[in-house]
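# A structural walkthrough
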Amino acid sequence: LAPEPSGDRSLPGRARGAIRIRDLHFGFPGRDRLFAGLSLDIAAGDRIALVGDNGAGKTALVSLLLRFLNPDSGLILL
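Computed from a predicted model, the values in this text were never measured in an experiment.

Turning our attention to the environment of leucine 50. With respect to the element layout, leucine 50 can be found in the loop between strand E2 (33–42) and helix H1 (58–65). Judged by relative accessible area, which is 38%, leucine 50 ranks as partly exposed. Measuring from C-alpha to C-alpha, the distance between leucine 50 and valine 62 comes to 9.4 Å, with twelve residues separating the pair along the chain. Leave out the neighbours within four places in its chain, and leucine 50 touches Lys58, Leu61 and Val62.

Here we come to the packing of aromatic side chains. Counted by the stated rule, this structure contains one aromatic pair. Judged by centre distance (4.9 Å) and plane angle (80 degrees), the rings of phenylalanine 26 and phenylalanine 28 are edge-to-face. Judged by relative accessible area, which is 30%, phenylalanine 28 ranks as partly exposed.

All of the buried residues in H1 are Ala60, Leu61, Ser63 and Leu64. For H1, the arc enclosing every buried residue in end-on projection is 165 degrees, short of the 170-degree limit, so these residues lie on one face. Residues of H1 that are buried make contact with strand E1 (19–27), E2 and strand E3 (73–77). Directly beyond the C-terminal end of H1, a positive phi value near 70 degrees is found at arginine 67.

What counts as what
Each residue is numbered by its place in its chain's sequence as written, counting from 1. The predicted origin of the model limits local features to residues at a pLDDT of at least 70 and limits the giving and counting of side-chain atom pairs to 80 or more, whereas totals for whole chains, interfaces and linings rest on all residues. By convention in this description, side-chain values take in all heavy atoms of the structure and omit both hydrogens and water. A run of DSSP states H or I qualifies as a helix once it reaches four residues; a run of E qualifies as a strand once it reaches two. Both are numbered from the N-terminal end. Summary of the burial criterion: residues with accessible area below 20% of their type's maximum are buried, those above 50% are exposed, and those between are partly exposed, where the area comes from a 1.4 Å probe applied to protein chains only. Residues are treated as being in contact if the distance between any of their heavy atoms lies within 4.5 Å. Here a Phe, Tyr or Trp ring, Trp counted by its six-membered ring, pairs with any other such ring whose centre lies within 6.5 Å, and the pair is stacked when the planes are under 30 degrees apart, edge-to-face when over 60, and tilted otherwise. Within this analysis, the arc is defined by the directions that extend from the helix axis to the C-beta atoms.

Structural data, given as structure tokens:
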């Protein structure tokens, strides 16, 4: 397992603002990579839908946003 990233892991009371994902790479050990260079901008107040086949990475992406999982590399900015 990779070491935990250093830095402040405290969470805001309620997250507000845009979400920016930059060059995100993530995969579960022993499985195909789910994200290889994903970049995405979600403006404050926007609503989006995540759709795709089973195993496409929808739940993993939400888990990464909520910091239940750590990316292999890349940035998730609020």
